[in-house]
Amino acid sequence: MSPKNNFSTYAPRPATLVKKEKLSDLVSLFEFEQDNGKALAHKPGQFIMLSIYGIGEAPFSVSSAPEAGNARFELAVRKTGTVTNALHDLKEGTKVGIRGPYGSYFPVQKFMGKDTLFVAGGLGYIPLRSLLRYQLKHRDEYGRIIVLLGTRNPKERIFVDRLAQLKERTDMEIHETVDVPDKNWKGNVGVITTLFPKVEINPQNTFVAMVGPPIMYRFCIGPCMDKGIPSKHIYVSLERRMKCGLGKCGHCQINGLSACVEGPVFKYDDIAPLSEAI
Ligand SMILES: Cc1cc2nc3c(=O)[nH]c(=O)nc-3n(C[C@H](O)[C@H](O)[C@H](O)COP(=O)(O)OP(=O)(O)OC[C@H]3O[C@@H](n4cnc5c(N)ncnc54)[C@H](O)[C@@H]3O)c2cc1C
Ligand code: FES
């Protein structure tokens, strides 16, 4: 679903880093508060542009659920280069700039009353967590919630404590796997596709929310369709290099589509004909 961008939101606004928490060796969770005291008013799957003064700007998915009246929001970020390293070095209390939220989002209204199959590969769990938390806040409005989660190895797992709490819940299912185990790992071993045979679903009543590395889409969309899920029920999020986030610079083009405006969340039907997209 693609919203109309509002030009008044294009100027960076100040926000303050209020809390920082390490999730793995390279990934940390950052809680920010908008200085204007207003809620970010994002939709699950949308991203913001975050700027660190004197360093640069980069796009990040919002990992918290939208909450009316709450000026705080969370990002989970992996250290990879200039902006992300600087972000990890920031002290609590530091001011940053934010623009957005931008982009399309998971259609939470359409998912209402239906079952949701989450397919999360690695850091793909970050934007999906926003949708999952939204659905859990509005639990009565959704059917079954089934999460398939794959990570390369146990050391790279993120949100470990929170996942353990979610696994205790009786109103949702989580199936987790790692590609390569360590000596303490007791769960499933293998790529995420090894989890598909473990779940029984009602395909006509199920929507899929899938985020992960590009290779994962190639191997996971087939099993979803083999289970009988209509392709128009499959939503994926595609990240591309982004600069403006406004559909102006052309950095994020996918065969003429701007991933920052028409995406990052796409209905699979809409991008399946674009061989380069997935
Ligand atoms: C819509 C969207 C949402 C995103 N959400 C998250 C998120 O929630 N958490 C998170 O950790 N990251 C997320 N990313 C990726 C994040 O934006 C990049 O890691 C970041 O821009 C890197 O900036 P840098 O200055 O630290 O790295 P740079 O110094 O610019 O580059 C360091 C390395 O990262 C690579 N890189 C830079 N940008 C990207 C990119 N977009 N995709 C893949 N590789 C890249 C470069 O090729 C280089 O190898 C998202 C990207 C997009 C487009
Ligand atoms: S990031 Fe500039 S057009 Fe999408």
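These numbers were taken from a predicted model, which means no experiment stands behind them. (Residues numbered from 1 in each chain as written. Chains lettered and ligands numbered in written order. Predicted model: local features only at pLDDT ≥ 70, side-chain atom pairs only at ≥ 80, totals over all residues.)

Quick look at the overall build of the protein now. Broken down by element type, the protein carries six helices and 15 strands. In terms of overall dimensions, the protein has a C-alpha envelope of 50 × 45 × 35 Å along the principal axes. Evaluated residue by residue, the protein yields a buried proportion of 39% over its 278 residues. The contacts of the protein with a sequence gap of at least 6 include a subset with a gap of at least 24, amounting to 71%. (Helix = DSSP H or I, 4+ residues; strand = E, 2+ residues; numbered from the N terminus. Buried ≥ 20, exposed ≤ 12 C-beta atoms within 10 Å, placed from the backbone. Contact = placed C-beta atoms within 7 Å.)

What follows deals with the domain arrangement of the protein. Under the domain assignment used here, the protein contains domain 1 (7-102) and domain 2 (108-271). Here the C-alpha centre of domain 2 lies 22 Å away from the C-alpha centre of domain 1. Across the contact, 21 residues belong to domain 1 and 22 residues belong to domain 2. Of all elements in the fold, only β3 (47-52), β4 (56-61), β5 (72-78) and β6 (95-102) reach the threshold of two or more residues within the side of domain 1 that touches domain 2. With three residues, β6 is the single largest residue contributor to the side of domain 1 that touches domain 2. Looking at the side of domain 1 that touches domain 2 residue by residue, the class counts come to twelve nonpolar, six polar and three charged. (Domains from an automatic or database assignment. Nonpolar A, V, L, I, M, F, W, Y, C, P; charged D, E, K, R; others polar.)

Phe118, Val208 and Met210 are the most contacted members of the largest nonpolar core, which totals 70 residues. Looking at this core element by element, the count peaks at six residues for helix α3 (residues 125-137). When residues of this core are sorted by domain, at least three fall in each of domain 1 (7-102) and domain 2 (108-271). If we skip the residues at most four places from it in the chain, methionine 210 touches Val119, Tyr217, Cys220, Ile234, Tyr235 and Val236. (Core = buried A, V, L, I, M, F, W, Y, C linked by C-beta atoms within 7 Å.)

For ligand 1, the set of nearby residues contains 22 residues, the closest of which are Ala58, Ser61, Gly81, Val83 and Thr84. Of all elements in the fold, only β4, β5 and α1 (82-89) reach the threshold of two or more residues within the shell around ligand 1. Ranked by residue count, the leading element in the shell around ligand 1 is β4, at five residues. Classifying every residue of the shell around ligand 1 by side-chain character gives twelve nonpolar, six polar and four charged. Residue contributions to the shell around ligand 1 reach at least three from each of two domains, namely domain 1 (7-102) and domain 2 (108-271). (Near = placed C-beta within 6 Å.)

In this section: the sheet that holds strand β9 (residues 173-178). Spatial strand order, β10-β9-β8-β7-β11-β12-β15: seven strands in an open sheet with mixed pairing. Looking at the sheet topology across the chains shown, the edges are occupied by β10 (188-189) and β15 (265-267). Bridge count between strand β11 (residues 206-211) and strand β12 (residues 234-237): three bridges; the pairing is parallel. Counted as the bridge partner of valine 208 is isoleucine 234 from β12. (Pairing = 2+ DSSP bridges.)

Each neighbour pair has its own omega, and for glycine 100 with proline 101 the value is 10 degrees, a cis peptide bond. Position of proline 101 among the secondary structure elements: in strand β6. With omega at 10 degrees, the peptide bond leading from glycine 263 into proline 264 counts as cis. Checked against the element boundaries, proline 264 lands in the loop between β14 (257-258) and β15. Of note in the backbone geometry, alanine 41 takes a positive phi value of approximately 60 degrees without being a glycine. Looking at the secondary structure, you find alanine 41 in the loop between β2 (27-34) and β3.

Quick look at the pairing of β12 now. Across the two faces of β12 the burial is the same, with Ile234 and Val236 and Tyr235 and Ser237 all buried. The parallel pair β11 and β12, bridged by helix α5 (residues 214-226), forms a crossover whose chirality is right-handed. Pairing analysis gives three bridges linking β12 to β15, with the strands arranged antiparallel. When the sheet's bridge partners are listed, serine 237 is paired in β15 with valine 265. (Right-handed = clockwise from strand over helix to strand, strands pointing away.)

Note on sheets: strands pair through backbone hydrogen bonds, and any given pair is parallel or antiparallel. The strand order β4-β3-β6-β1-β2-β5 describes an open sheet built from six strands, whose pairing is antiparallel. Bordering the open sheet on either side are β4 and β5, each of which pairs with just one other strand. The average angle at which neighbouring strand axes cross in this sheet is 40 degrees, direction not considered. Relative to β5, β2 is paired through seven bridges, and the arrangement is antiparallel. Residue pairing in the sheet places phenylalanine 32 in a bridge with phenylalanine 73 of β5. This element, α1, spans β2, β3, β4 and β5 of the sheet and lies at about 80 degrees to β4. (Axes fitted to C-alpha atoms, helices over the stretch in contact; angles between N-to-C directions.)

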